[in-house]
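# Structural overview for review
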Amino acid sequence: MATSSRNPNKYAVCIYNLETFELKHEIEIDSRMYNVSVSNDNNTLFFACGNCTGRVIDIKTKKSVTLAGHTDEVKCIIPCEDNDVLTCSWDMTIRRWNRSTGECIRTFTGHNGWVCS
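First, a word on what this report is: a plain description of the structure on this page. The structure displayed is predicted, hence computed values, not measured ones.

### Topic: the environment of T20
With respect to the element layout, T20 can be found in the loop between β2 (11–16) and β3 (23–29). Judged by its relative accessible area of 42%, T20 falls in the partly exposed class. Sequence separation between T20 and S39 is 19 residues; the distance between their C-alpha atoms is 22 Å.

### What to know about the nonpolar core
Judged by nonpolar contacts, V13, I15, I27, I29, M33, L45, F47, C49, I57 and I59 together constitute the single largest core of 10 residues. Contributing elements (two or more residues each) for this core: β2, β3 and β5 (44–49). Counting residues per element, this core draws most heavily on β5, at 3 residues. Ignoring sequence-local partners within four residues, the contact set of I29 consists of K10, Y11, F47, C49, R55 and I57. Judged by nonpolar contacts, the second largest core, of 9 residues, contains F46, A48, V56 and V74.

Procedures and definitions
- Every chain is numbered independently, its residues counted from 1 as its sequence is written.
- Per-residue local features of the predicted model are confined to residues with pLDDT of at least 70, and side-chain atom pairs are confined, for both listing and counting, to 80 or more; whole-chain, interface and lining totals are unaffected and use all residues.
- With hydrogens and water stripped out, all remaining heavy atoms of the structure feed into the side-chain values.
- A run of H or I in DSSP counts as a helix once it spans at least four residues, and a run of E counts as a strand once it spans at least two, with each numbered from the N terminus.
- Only protein chains enter the accessibility calculation, which uses a 1.4 Å probe. A residue is then buried if its area is under 20% of the maximum for its type, exposed if over 50%, and partly exposed in between.
- Only buried residues count toward a nonpolar core, which is a set of Ala, Val, Leu, Ile, Met, Phe, Trp, Tyr and Cys residues joined through side-chain atoms within 4.5 Å.
- Should any heavy atoms of two residues lie within 4.5 Å, those residues are considered in contact.

In structure tokens, the structure reads:
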């Protein structure tokens, strides 16, 4: 994570070619990021954000899906084997989402403290 070179008020994830060390992509996010994961096929990035959302971004098309519904910061995002993703939040919940549509499938409640991972 770094401050964006194009906009110092935004955050960015920089993706480099590991053979040449050249910058391939810079993807701006409008929030602090606490956790970044990548899909098994290396085509999708998953972000846990400080603005109470999760973010799913296709690296090639840069299509973004926002996972909105938490009431506090999202600290962890975990891709599942199917088309779903889990988010863990300081709002004491875990949510399961369809990562293509952004639909919240289920909210897991009952924790008595922050869920960080």
